[in-house]
Amino acid sequence: MANKSDLARQFIEAIPHARELGMKVESISDGSAEISMPYDEKLIGDPDTGVIHGGAVSALMDTCCGAAVMCHASAPGGTATIDLRIDYMRAATPGQTILTRATCHHMTRNVAFVRAVAMDDDQDNPVATAVGAFTVESKF
């Protein structure tokens, strides 16, 4: 049987919206994940500026957080979003890939708590940050 990181990677790569948005799992390990989303004109939210729509950024952050939970050492299986708060700090730079890093920093029997940051090439100036709560499911 595959390990948790492999199962989480396979699950994320099979999600239709993740494939449609071009998400790529860059790394995934015990309680942390990195997923990128390349710039694509079909994701533009403001045609005047070429900025990616916040909904695409939100989907990337949610997916990355879920992956971090799924591969946590204490996670028995899958997960679903209970709550996700995203603070948008600035518009992503048009033409640049967006990378999200998420860490599952605490887990109870029923709820996992996650922090994430989304950034483009300027990694010292985040596009968005997020905190969330996710279910802890009994099986994959």
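See above for the structure.
Keep in mind that what you see is a predicted model, and the values were worked out from it rather than measured.

Focus: the pattern of salt bridges
A complete count under the given rule lists 5 salt bridges for this structure. The closest approach of N and O atoms between Lys42 and Glu20, which form a salt bridge, is 3.1 Å. With a gap of 22 residues between them, Lys42 in the loop between strand 2 (32-37) and strand 3 (44-46) and Glu20 in helix 2 (residues 16-20) connect regions that are remote in the sequence. Looking at Glu20, the relative accessible area reads 52%, which means it is exposed. Asp120 is the partner of Arg90 in a salt bridge, and the nearest nitrogen-oxygen pair spans 2.5 Å. Here Arg90 is found in the loop between strand 5 (81-88) and strand 6 (98-107), whereas its partner Asp120 is found in the loop between strand 7 (111-119) and strand 8 (128-135), with 30 residues between them in sequence. When salt bridges that share partners are traced, they join Glu20, Asp40 and Lys42 into one network.

Examining the nonpolar core
The biggest cluster of nonpolar side chains holds 41 residues, and the ones touching the most others in it are Ile35, Met37, Met61 and Ile98. Secondary-structure elements contributing two or more residues to this core are helix 1 (4-14), strand 1 (24-29), strand 2, helix 3 (54-70), strand 6, strand 7 and strand 8. Among the elements that make up this core, the one with the highest residue count is helix 3 (11 residues). Residues contacting Met61, with those up to four places away along its chain left out, are Ile86, Thr100, Ala116, Val117, Ala118, Ala128, Thr129 and Ala130.

About the criteria used
- Residues numbered from 1 in each chain as written.
- Predicted model: local features only at pLDDT ≥ 70, side-chain atom pairs only at ≥ 80, totals over all residues.
- Heavy atoms only, no water.
- Salt bridge = Lys/Arg side-chain N within 4 Å of Asp/Glu carboxyl O.
- Helix = DSSP H or I, 4+ residues; strand = E, 2+ residues; numbered from the N terminus.
- Buried < 20%, exposed > 50% of the residue type's maximum accessible area, 1.4 Å probe, protein only.
- Core = buried A, V, L, I, M, F, W, Y, C linked by side-chain atoms within 4.5 Å.
- Contact = heavy atoms within 4.5 Å.

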